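# Descriptive structure summary
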Amino acid sequence: MNVLGIHIAIELIQIVVAVVVFLAFIGVNVLILVLMERKVAGRFQRRPGPFEVGPHGSLQTLADAVKMMAKELHTPGGADKILFWAAPIITFAPVVVCFMPVPFGPKYLTGWEMNLGVVLILAFSGLGVFGICLAGWSSNNKYSLIGAARAVAQSVAYEIPLLLSVLAVAFQVGSLNLSVITAGQGSWPWQWNVVVQPLSFFIFFVSTLGETNRAPFDLPEAESELTAGFHTEYSGMGFGVFFMAEYAAMVVVCSVGTILFLGGWNGPLVNGPWWFLAKVYGLLFVMMWLRWTFPRVRFDQLLNINWKWLTPLALLNLLVVALMVKLV
Amino acid sequence: MNPEQAFRNLAGDFYTRSLQPGPTENTLILNMGPQHPSTHGVLRIVLELDGEYILRADPVLGYIHRMHEKMGEVKTFAQYLPNMGRVDYLHALAWNWAYVGAVEKLCGVEVSERAEYLRVVTSEMNRISSHFVWWGAYLLDLGAFTPIMYAFDDREWLLDLLQIVTGSRLTYCYFRFGGVSDDVTPEFVEGTLKWCEHMRERLPMYKALVTDNVILRNRCEEIGPIDLDMARRYGATGPVLRGSGVAYDVRRAEPYSVYDRFQFEIPVGTGAGDAMDRYLVRLAEIEQSLNIIEQALKTLPEGPHMHEKAPKRLKAPKGETYFAVEGARGKIGVHLLSDGGKNPYRVKLRAPGFSNLSLFAELVRGVLLADAVSILGSLDMVIPEIDR
Amino acid sequence: MDRASAGLFGEVRKTLTGLWSLVVGLGVTGNQFYRRAVTVHYPRQTVDNLSTFRGPIELIPSAKDPMKPDCILCGMCEQSCPSGCIEVKSHFEEEPDAEEPKAQTPAGAASDPEKKAPPKKKKKTKVIDSFDLNFNLCSLCGLCVQSCPGSGLRFSHEAYLAGYSRSDFEFDLLARMRAKASGPGSAGSDSKR
């Protein structure tokens, strides 16, 4: 009994430490990512981007964070107070958990080793949709409602090809444990899973754009059509938490992509977390590149792409992979 | 009156209340504007939505009515010139031309030949600059954030060139009765020819980035088709009309100034008159304007920039005239009435945007909200011109 | 090939062309990524093409005395301004007494004590008091510059104007001209008034 108690205590402490570390990781990442997005956008548009706050604008996000924290937390009239303020938290909290099974480096750099890492991540990213739904409903605002309805439909739709493409890799490797999947790939680019399953990677990437509401699938946040969609009524830190949740979800999804397809922490000379981070940021850069190049896809076209093209393609892909795994 | 009706009568203003819901009860009345990123200017559209489909749309105008026509009655003929730059600030020189042309027609003032060529060159440059703003803003509404930056980069060079000759970047007051206010320098001529070459190299990039893009094609094709009958009923002009297949251009139909000396085509839409047709017509117009500018600059005659007999103080006889020019948005007309006094008796401004906007209400019935934004952008409106 | 599959083939081809157009678009923006920013990064950099810019109007100093404007005080600019932002104030002054030559009496005529030569009319000239421009209302149309019969007015090329209140833009053009004429560094040369 005592041993079991100590065991449980140690595991609890491990979880708590991991959660705190990941919160810090998310915080730092969001700071860097917001600046990176704005600077990258500036470069694509042939302009400097933020420049005044800090050397070359490096402290811009910090200034924005301070501004957001200093704003009034205003609840709109007629809004359901509890649900309104619970929504950002419900959107943000699952994302922290999603970092747990992700192996950052070869030896002990994983939050929590588990055999079903993939399933955990997929399950918790689905929870985020619930928060968006609540946000739109409890705002007592027509715009928010329309935006939330769109966001929910989109997220739910794009989870299916996401799942199917991830399954394809799981079939090939034979495990849902992210560390095993990473260890199964070699150091050099031709040894990564993307060479064997390029179509899966393509489907996965497009589905993640749909999941995280990034352009060209960012209709829920279409500023030029419906002000700000489901987070219209949030000010200050409420909006800040949604913002952080979006960027954290992007990091989660790019991390999963790196692990499944790009070899995780494997790299040419020395394996390590630096390769992992480099690849994650590479994928994030590609996401930003797509955002700043293309116009928005209309909502029914978005769903059409999913149901008519991506899902059948993902199913076909899965079938082919299953056949190959059985035969080879 | 039941409580729900009473509540409805309290909610909203006259326009919102007067747009009563139809037979279904599941409709939402939404205000698009007057503060809205996609209605280019202060335009308010009261929409009745069934989910995402628009059942009815009712544009409400007047939020930027600045009484330009009244100002025409209290200012002298010459003092009214700066007003024309501010009616439609994106193609200010066309409005300048319409008014100056009307006064010259009324008073029988001749324009020097060099000034006619300069008017053509600067007006076409202004048309290109207006089309750049339209292109960038349209894509911004559709969610692409970079093409507007590229368009404005090219436009900066153009505005610098226009600054050399007119002294201003946006609200030009360059035309005078009998000519133009300043002559051009060789620096301007060389710079403009160089810029025309640069633009011809840039236009393929716009095509590759945007026009051929499948996402844009899906947002513009088969959206907002305007057939001939509808265009005629509402008096649409400009690219809106040409997108529907009618090759009506005031520069050809009612030629003014020296446009009959230049070779240029009138691009027409080849499909159902949808948003894509209007888009392609405007991009083709940019190319045609480049042609006109190059031809005019290469054959620029020597001479004074103001006619020698241009009156220092205008004395207008009694009478009325109408003068129309082709603006970036359509046919701009000025109907001038004078009773022989110092001020005009009446200045009526015919804004092309007003007729084009009236198409919107009928065009947008049964259409998705996202498509309504696309249709509004493809009509290319400047609300200050509509409200005057 | 039955019709369904032919349609499917066409759809697939259309999709692939569409995807290729997306890649081309990415190539265009990727190409722009490596180029230098086109922004003129104010205030670290400024533009250099202001020599034709229409800034607020200024009086042209006369060649003989840079402290005096060439303006003949006709008031045409004030009349032609659509916004009524020019105000010119002047007064008449008699010319100072010059040395008068002795009145020439006609030869042989006796000076008649009753017939006195009429006193010489003193010339009156207009002297400028003030020339004010309310730049808050000016639309930079150029009608004033054009209607000036002499060479009294021209556009300055000042583009970097900023102030804290409307009164910062009520210019005293005479003082500005004099400040400019005294050269930079003199008192009031960099003030707006």
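Attention shifts here to the overall build of chain B. Assigned secondary structure in chain B consists of 16 helices and eight strands. Its C-alpha atoms give chain B a radius of gyration of 22 Å, near enough to 21 Å, the size a compact globule of 388 residues would have. Counting only C-alpha atoms and orienting by the principal axes, one finds that chain B spans roughly 75 × 55 × 35 Å. Expressed as a percentage of the 388 residues in chain B, the buried residues total 52%.

Within chain A, the secondary structure is distributed over twelve helices and zero strands. Listed by position from the N terminus, the elements making up chain A come as α-α-α-α-α-α-α-α-α-α-α-α. What you see for chain A is a C-alpha radius of gyration of 20 Å, in line with the 20 Å of a compact globule of 328 residues. Viewed in the frame of its principal axes, chain A has a C-alpha envelope of about 60 × 55 × 45 Å. With 328 residues in all, chain A has 47% of them scored as buried. In chain A, the share of contacts with a sequence separation of at least 24, taken over all contacts with a separation of at least 6, comes to 77%.

Take the sheet that holds strand β8 (residues 346-350) of chain B next. Residue and element names in this part refer to chain B. With antiparallel pairing, three strands are arranged side by side in an open sheet as β6-β7-β8. Here the strands that pair on one side only, and so sit at the sheet edges, are β6 (318-326) and β8. Each strand axis lies, on average, 10° off the axis of its neighbour in the sheet, ignoring direction. Relative to β8, strand β7 (residues 331-339) is paired through five bridges, and the arrangement is antiparallel. By the bridge assignment for β8, valine 334 is matched with leucine 349. Across the sheet, helix α5 (residues 92-107) lies against β6 and β7, angled at about 145° from β6, the strand it touches most.

Residues and elements named next belong to chain B. Relative to the 44 Å expected for 30 residues at 1.5 Å per residue, helix α6 (residues 113-142) spans 44 Å between its end C-alpha atoms, a close match to the ideal helical length. Burial within α6 is extensive, with 28 of its 30 residues counted as buried. Directly beyond the C-terminal end of α6, a positive phi value near 105° is found at glycine 143.

It is common to give the size of an interface as the accessible area that goes away when the parts come together. Contact residues are listed per partner, giving eleven residues for chain C and nine residues for chain A. Classifying every residue of the side of chain C that touches chain A by side-chain character gives five nonpolar, five polar and one charged.

The interface is formed by 21 residues belonging to chain A together with 23 residues belonging to chain B. Where the side of chain A that touches chain B is concerned, the elements lending two or more residues are α9 (223-226) and α12 (299-327) of chain A. Considering only residue class, the side of chain A that touches chain B consists of nine nonpolar, four polar and eight charged.

In terms of nonpolar packing, the biggest core is built from 208 residues, with Ala248(A), Val252(A) and Ala98(B) touching the most fellow members. In terms of residue count, the dominant contributor to this core is helix α10 (residues 237-261) of chain A (17 residues). Aside from chain neighbours lying at most four places away, what touches Ala98(B) is Phe323(B), Ala324(B), Val325(B), Ile332(B), Gly333(B) and Val334(B).

Residue and element names in this part refer to chain A. Relative to the helices and strands, isoleucine 89 resides in helix α3 (residues 81-98). Residue classification places isoleucine 89 among the partly exposed residues on the basis of 13 C-beta atoms within 10 Å. In this structure, the C-alpha to C-alpha distance between isoleucine 89 and tyrosine 234, residues 145 residues apart in sequence, is 13 Å.

With 43 residues, helix α1 (residues 2-44) of chain A ought to run about 63 Å at 1.5 Å a step, and its terminal C-alpha atoms sit 61 Å apart, in line with that. What α1(A) keeps buried is the set Phe22(A), Ile26(A), Asn29(A), Val30(A), Leu33(A), Leu35(A), Glu37(A) and Phe44(A).

Before going further, it helps to examine the sheet that holds strand β5 (residues 170-172) of chain C. Residues and elements named next belong to chain C. Spatial ordering of the open sheet is given by β2-β3-β5, a layout of three strands whose pairing is antiparallel. Looking at which strands have only one partner, the edges of the open sheet turn out to be β2 (86-94) and β5. Strand-to-strand, the axes of this sheet are offset by a mean angle of 25°, without reference to chain direction. Where strand β3 (residues 124-134) and β5 come together, three bridges link them in antiparallel fashion. Bridging across to β5, asparagine 134 finds its partner in glutamate 170.

Residue and element names in this part refer to chain A. Following both chains from N to C, one finds α1 and α10 inclined at 95°, their axes separated by 10 Å at the closest point. One finds that α1 runs roughly perpendicular with respect to α10. Of the residues in α10, those touching α1 at Ile26, Asn29, Val30, Leu33 and Val34 are Met244, Tyr247, Ala248 and Val251. Broken down by class, the residue content of the contact of α1 with α10 amounts to eight nonpolar, one polar and no charged.

Another point: the environment of Pro255(B). All names here are of chain B. With respect to the secondary-structure elements, proline 255 resides in the loop between α12 (250-253) and α13 (275-298). According to the C-beta neighbour criterion, proline 255 is exposed, with 12 such atoms within 10 Å. Placed 194 residues apart in sequence, proline 255 and leucine 61 show a C-alpha to C-alpha distance of 32 Å.

Residue and element names in this part refer to chain B. Of all residues in chain B, 93% attain a pLDDT of 70 or more, and the chain-wide mean is 88. Within chain B, β8 carries the highest mean pLDDT (94), whereas helix α1 (residues 3-10) carries the lowest (62). Across the predicted assembly, pTM comes out at 0.88 and ipTM at 0.86.

The next thing to look at is the pairing of β8(B). Because side chains alternate across β8(B), one face comprises the buried residues Val347(B) and Leu349(B), and the other comprises Arg346(B), Lys348(B) and Arg350(B), none of which is buried. Between β7(B) and β8(B), which pair antiparallel and follow one another directly, the connecting turn spans six residues, one of which, Gly340(B), has a positive phi of 90°.

Another point: unusual backbone geometry. A cis amide bond links Tyr42(C) with the next residue in sequence, Pro43(C), at an omega value of 0°. Tracing the backbone shows Pro43(C) in the loop between α1 (3-33) and β1 (57-59). The phi angle at Arg46(A) is positive, at roughly 60°, despite the residue not being glycine. The backbone of His56(A) sits at a positive phi, close to 55°, despite the residue not being glycine. Relative to the assigned elements, His56(A) resides in the loop between α1 and α2 (60-70). Given 14 C-beta atoms within a 10 Å radius, His56(A) is considered partly exposed.

Next up on the list: the packing of helix α8 (residues 198-211) of chain A against α12(A). All names here are of chain A. At a minimum axis separation of 10 Å, α8 and α12 run at an interaxial angle of 145°. Taken as a pair, α8 and α12 cross one another with a handedness that is left-handed. Listed contacts from α12 to Leu199, Ser200, Ile203, Val206, Ser207 and Gly210 of α8 are Asn306, Leu310, Leu313, Ala314 and Asn317. A per-class count over the contact of α8 with α12 returns six nonpolar, five polar and no charged.

With that settled, consider the environment of Ala248(A). Residues and elements named next belong to chain A. When you line up the elements, alanine 248 lands in helix α10. For alanine 248, a count of 27 C-beta atoms within 10 Å gives the class buried. On a C-alpha basis, the gap between alanine 248 and glutamine 60 in space is 19 Å, while along the polypeptide they are 188 residues apart. Apart from the residues within four sequence positions on either side, alanine 248 is in contact with Ile26, Val30 and Val95.

Reading guide: rules and limits
Residues numbered from 1 in each chain as written. Chains lettered and ligands numbered in written order. Predicted model: local features only at pLDDT ≥ 70, side-chain atom pairs only at ≥ 80, totals over all residues. Helix = DSSP H or I, 4+ residues; strand = E, 2+ residues; numbered from the N terminus. Rg over C-alpha atoms; globule rule 2.2 N^0.38 Å. Buried ≥ 20, exposed ≤ 12 C-beta atoms within 10 Å, placed from the backbone. Contact = placed C-beta atoms within 7 Å. Pairing = 2+ DSSP bridges. Axes fitted to C-alpha atoms, helices over the stretch in contact; angles between N-to-C directions. Expected span 1.5 Å × (residues − 1). Nonpolar A, V, L, I, M, F, W, Y, C, P; charged D, E, K, R; others polar. Core = buried A, V, L, I, M, F, W, Y, C linked by C-beta atoms within 7 Å. Parallel < 35°, antiparallel > 145°, perpendicular 65-115°, else oblique. pLDDT = per-residue confidence, 0-100. Left-handed = near helix turned anticlockwise from the far one by under 90°.

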